[in-house]
Amino acid sequence: MELTINGKVHQVDLDEDTPLLWALRDELKMTGTKFGCGAGLCGACTIHINGNPARACLTPISVAKGAQITTIEGLSEQGDHPLQKAWVKHNVPQCGYCQSGQLMTAAAFIAANPKPSEKEIDNAMSGNLCRCGTYPRIKAAIQDVVQFHEGGNSND
Ligand code: FES
Ligand code: FES
């Protein structure tokens, strides 16, 4: 099966119901996407499928076939996505394990909602767990990047 990941076509020889996470990590050695719970509960495995955040642990490769898949390795050319810069500025990671998933969720969110309210940020990020409790720094970094408007989207 062909999978298009970060703009490049990869061949994988796996059953169609294989989780995308295994194809990425074990077959293609793209280990930036992490295995946390394996059950859709933690967000560590978040990638983008056609720009939308998805849990790679719950996505069979048959679903990802023909789609544009983006992983943390492809979020930016040089690790210079505005969120990645803000992550560095705010010294967000502690152990780092959850952070690629956090970044991928945040990146899809601000692409869809460039002027979120604080509550919208909280809601968008609520499915990504961090056992190190880096939540305040994650939020500060996101707020740095977006035009932060309390009260949500406005028409300006
Ligand atoms: S590993 Fe996929 S949601 Fe936890
Ligand atoms: S930085 Fe350690 S789990 Fe989030």
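For the structure itself, consult the block above.
Being a predicted model, the structure only gives us computed values, none of them experimental.

Participant: How should I be thinking about the sheet that holds strand 1 (residues 2–5) in this particular structure?
Facilitator: Strand order in this open sheet of five strands is 2-1-5-3-4, and the pairing throughout is mixed. Looking at which strands have only one partner, the edges of the open sheet turn out to be strand 2 (8–11) and strand 4 (52–55). The average undirected angle you get between the axes of adjacent strands in this sheet is 40°. In terms of strand pairing, strand 1 meets strand 5 (residues 68–70) through two bridges, oriented parallel. Counterpart to Ile 5 in the pairing with strand 5 is Ile 69. Its contacts with the sheet put helix 4 (residues 99–112) on strand 3 (46–49), strand 4 and strand 5, and the angle it makes with strand 3 is roughly 35°.

Participant: What is the right way to read a nonpolar patch on the surface from this model?
Facilitator: A cluster of nonpolar side chains, Trp 22, Phe 35 and Tyr 97, forms an exposed patch at the surface whose accessible area comes to about 260 Å². Structurally, Tyr 97 can be placed in the loop between helix 3 (82–89) and helix 4. We classify Tyr 97 as partly exposed; its relative accessible area is 33%.

What counts and how
- Residues numbered from 1 in each chain as written.
- Chains lettered and ligands numbered in written order.
- Predicted model: local features only at pLDDT ≥ 70, side-chain atom pairs only at ≥ 80, totals over all residues.
- Heavy atoms only, no water.
- Pairing = 2+ DSSP bridges.
- Helix = DSSP H or I, 4+ residues; strand = E, 2+ residues; numbered from the N terminus.
- Axes fitted to C-alpha atoms, helices over the stretch in contact; angles between N-to-C directions.
- Contact = heavy atoms within 4.5 Å.
- Patch = residues over 30% accessible without salt bridge, like charges linked within 9 Å, V, L, I, M, F, W, Y side chains within 5 Å.
- Areas by Shrake-Rupley, 256 points an atom, 1.4 Å probe, with all protein chains shown as cover.
- Salt bridge = Lys/Arg side-chain N within 4 Å of Asp/Glu carboxyl O.
- Buried < 20%, exposed > 50% of the residue type's maximum accessible area, 1.4 Å probe, protein only.

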